[in-house]
Amino acid sequence: MTSLTLNLNSIIKLTSEQFYQLCETNPELKLERNAQGELIVMPPTGGETGRSNSSINAQIWFWNEQKQLGEVFDSSTGFTLPSGAERSPDVSWVEKSRWDGLTKEQKERFIPLCPDFVIEIMSPSDNLKKLQNKMQEYLENGCRLGWLINRKKQEVEIYRQGKEVEILKLPQTISGEDVLPGFVLNMQKIWG
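The structure contained in this document is the topic of the report that follows. Bear in mind that the values here come from a model prediction, so they are computed numbers and not experimental data.

Going through the model one piece at a time under the given rule, you end up with ten salt bridges. The partner of Asp100 in a salt bridge is Lys96, and the shortest N-O contact between them spans 3.1 Å. Taken together, the residues Asp100 and Lys96, both in helix H3 (residues 96-100) and four residues apart, mark about one turn of the helix. Residue class for Asp100 comes out partly exposed when judged on its relative accessible area of 43%. Residue class for Lys96 comes out partly exposed when judged on its relative accessible area of 37%. The residue Glu177 makes a salt bridge to Arg160 at a minimum N-O spacing of 2.6 Å. Residue Glu177 is found in the loop between strand E12 (173-175) and strand E13 (184-186), and its partner Arg160 is found in strand E10 (residues 155-160); the two are separated by 17 residues along the sequence. Accessibility expressed as a relative area gives 15% for Arg160, which makes it buried. Taken together, the shared-partner salt bridges in this structure form one network comprising Arg98, Asp116 and Arg144.

The rules behind each value
- Note that residues are indexed from 1 along each chain, following the sequence as it is written.
- The predicted origin of the model limits local features to residues at a pLDDT of at least 70 and limits the giving and counting of side-chain atom pairs to 80 or more, whereas totals for whole chains, interfaces and linings rest on all residues.
- Think of the side-chain values as coming from all heavy atoms in the structure, minus any hydrogens and water.
- Think of a salt bridge as a Lys or Arg side-chain nitrogen and an Asp or Glu carboxyl oxygen that are within 4 Å of each other.
- Think of it this way: any DSSP run of H or I at least four residues long counts as a helix, any run of E at least two long counts as a strand, and we number them from the N terminus.
- Accessible area is worked out with a 1.4 Å probe on protein chains only. A residue is then buried under 20% of its type maximum, exposed over 50%, and partly exposed in between.

Given below as structure tokens:
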């Protein structure tokens, strides 16, 4: 099952508050919204994708617990990007001072900023071009480092501010570089 994009703009233009309420009222749906206001209905992930998400999140969470440099978020966390898009990366991380600068209310709702670091894991049903566009959207909104993991091709696309996308074929590890200092993702569990 692939994601479904709904353009309701000719009928209603949802505000951020209305979109948040829509998500709260329909917790069984995973919804995103692009900068044009179109709703994107995301299907549940399969077992392998969910397993990969959990492994990656655990590795980053453990690193962050040791370093205490920020906060780690899972795929159910919504972010309102500066462009107005509302996205939920598979894995994300926000630097501590940016997180601490938010009010209690902002922390309770969709987080009103773009993560410093994101990971998207391509599911068998995902469209590569759409995910690549989503990764570019994160960069355009302030993300400093992003990884698009394509398990089927055993590739990782690395997105960095002001640089060309780098493609690694079957890497065994990936470095968090200066965004996640000292973090190295072990890819062996991801490749299965």
